[in-house]
Amino acid sequence: MSTDQTSYFPILMQFLLATGFVVMTIIGSSFLGPRRKSVNKDKNFECGIESVGNARIPFSVKYFLVAILFVLFDVEVIFMYPWAVNFKEMGWAGLVKMAIFMFLLVVGFYYVMKKKGLEWE
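A few points on the structure. (Residues numbered from 1 in each chain as written. Predicted model: local features only at pLDDT ≥ 70, side-chain atom pairs only at ≥ 80, totals over all residues. Heavy atoms only, no water.)

## Regarding the overall build of the protein chain
Phase 1 of the analysis: When its secondary structure is counted, the protein chain shows four helices and zero strands.
Phase 2 of the analysis: If you list the helices and strands of the protein chain from N to C, you get α-α-α-α.
Phase 3 of the analysis: In terms of overall size, the protein chain is more extended than a compact globule, its C-alpha atoms giving a radius of gyration of 26 Å where 121 residues would be expected to give roughly 14 Å.
Phase 4 of the analysis: Overall, the protein chain is about 70 × 60 × 20 Å in size when its C-alpha atoms are taken along their principal axes.
Phase 5 of the analysis: A total of 121 residues make up the protein chain; the buried ones form 7% of that total.
Phase 6 of the analysis: Long-range contacts, defined as pairs at least 24 residues apart, comprise 61% of the intrachain contacts of the protein chain with a sequence gap of at least 6.
Phase 7 of the analysis: Of the accessible surface of the protein chain, which amounts to about 11700 Å², a share of 71% is contributed by carbon and sulfur atoms.
Phase 8 of the analysis: Of note, the protein chain has its 12 positive side-chain charges centred 5 Å away from the centre of its 9 negative side-chain charges. (Helix = DSSP H or I, 4+ residues; strand = E, 2+ residues; numbered from the N terminus. Rg over C-alpha atoms; globule rule 2.2 N^0.38 Å. Buried < 20%, exposed > 50% of the residue type's maximum accessible area, 1.4 Å probe, protein only. Contact = heavy atoms within 4.5 Å. Areas by Shrake-Rupley, 256 points an atom, 1.4 Å probe, with all protein chains shown as cover. Lys, Arg positive; Asp, Glu negative; His and termini not counted. Charge placed at Lys NZ, Arg CZ, Asp CG, Glu CD.)

## Here's the deal with helix H4 (residues 87-114)
Phase 1 of the analysis: For H4, which comprises 28 residues, the first-to-last C-alpha distance of 33 Å sits more than 12% below the rise-based estimate of 40 Å (1.5 Å per residue).
Phase 2 of the analysis: Alanine 93 marks where H4 bends most, by close to 75 degrees.
Phase 3 of the analysis: Along H4, the positions that sit buried rather than exposed are Gly94, Met98, Leu105 and Val112.
Phase 4 of the analysis: On its buried side, H4 packs onto helix H2 (61-78) and helix H3 (80-85).
Phase 5 of the analysis: Positive phi shows up at lysine 116, right after H4, with a value of about 60 degrees. (Expected span 1.5 Å × (residues − 1). Bend = angle between axes of the 7 residues up to and from the residue.)

## Digging into the packing of aromatic side chains
How two aromatic rings sit relative to each other is given by the distance of their centres and the angle of their planes.
Phase 1 of the analysis: Tallying each qualifying case throughout the model produces three aromatic pairs.
Phase 2 of the analysis: Aromatic pair phenylalanine 79 and phenylalanine 101: ring centres 6.4 Å apart, planes at 85 degrees, arrangement edge-to-face. Of the two residues, phenylalanine 79 sits in the loop between H2 and H3 while phenylalanine 101 sits in helix H4, which places them 22 residues apart along the sequence.
Phase 3 of the analysis: For phenylalanine 79, a relative accessible area of 51% translates into the label exposed.
Phase 4 of the analysis: Looking at phenylalanine 101, the relative accessible area reads 24%, which means it is partly exposed.
Phase 5 of the analysis: Summarising the aromatic geometry, the rings of tryptophan 83 and phenylalanine 87 are spaced 5.2 Å apart at their centres and angled 75 degrees between planes, so their arrangement reads as edge-to-face. (Phe/Tyr/Trp six-rings, centres within 6.5 Å; stacked < 30°, edge-to-face > 60°.)

## Examining the packing of H2 against H4
Phase 1 of the analysis: As a packed pair, H2 and H4 sit with axes 11 Å apart at the nearest point and diverge in direction by 165 degrees. Between H2 and H4, the angle falls in the class roughly antiparallel. With respect to the hand of their crossing, H2 and H4 are arranged in left-handed fashion. The segment H2 lies against H4, with Leu69, Phe73 and Glu76 engaging Phe101, Leu105, Gly108, Phe109 and Val112.
Phase 2 of the analysis: Along the lines of polarity and charge, the residues of the contact of H2 with H4 split into six nonpolar, one polar and one charged. (Axes fitted to C-alpha atoms, helices over the stretch in contact; angles between N-to-C directions. Parallel < 35°, antiparallel > 145°, perpendicular 65-115°, else oblique. Left-handed = near helix turned anticlockwise from the far one by under 90°. Nonpolar A, V, L, I, M, F, W, Y, C, P; charged D, E, K, R; others polar.)

## Thoughts on the side chain of glutamate 76
Phase 1 of the analysis: When you line up the elements, glutamate 76 lands in helix H2.
Phase 2 of the analysis: Here glutamate 76 is buried and forms no salt bridge, its nearest opposite-charge partner lysine 97 lying at an N-O distance of 18 Å. (Salt bridge = Lys/Arg side-chain N within 4 Å of Asp/Glu carboxyl O.)

Limitation: the analysis is restricted to geometry and does not speak to function.
Set out below in structure tokens:
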């Protein structure tokens with residue numbers, strides 16, 4: 001199977017087409033769009049509630065910890081789909097490797113539960 005630069009030409013064309021579409025849409029909307037400025041339109045809007053005070057309040061680290069743990073365990077679960085599709089071809093070696101992977105996943109989850117990383121206060 002020989003690859004050369006001409007095989008990448010469709011990818012380059014797709015990239016240029018997508019980039020050109022985005023640039024032309026932004027430029028076109030700035031020229032063609034309406035320009036109606038008013039004090040009421042330039043105000044920040046958030047769910048119909050008038051904003052009061054400073055928006056920069058400190059958040060608990062728990063929110064970020066839960067988000068990172070969700071992404072971590074979610075990505076680990078994604079690795080199970082290719083394994084399930086190729087289960088027959090991988091044989092016993094694939095089963096042992098997945099058992100080790102699942103063991104490490106459960107140990108990590110147990111560690112998070114033991115440290116109370118997913119409990120809200």
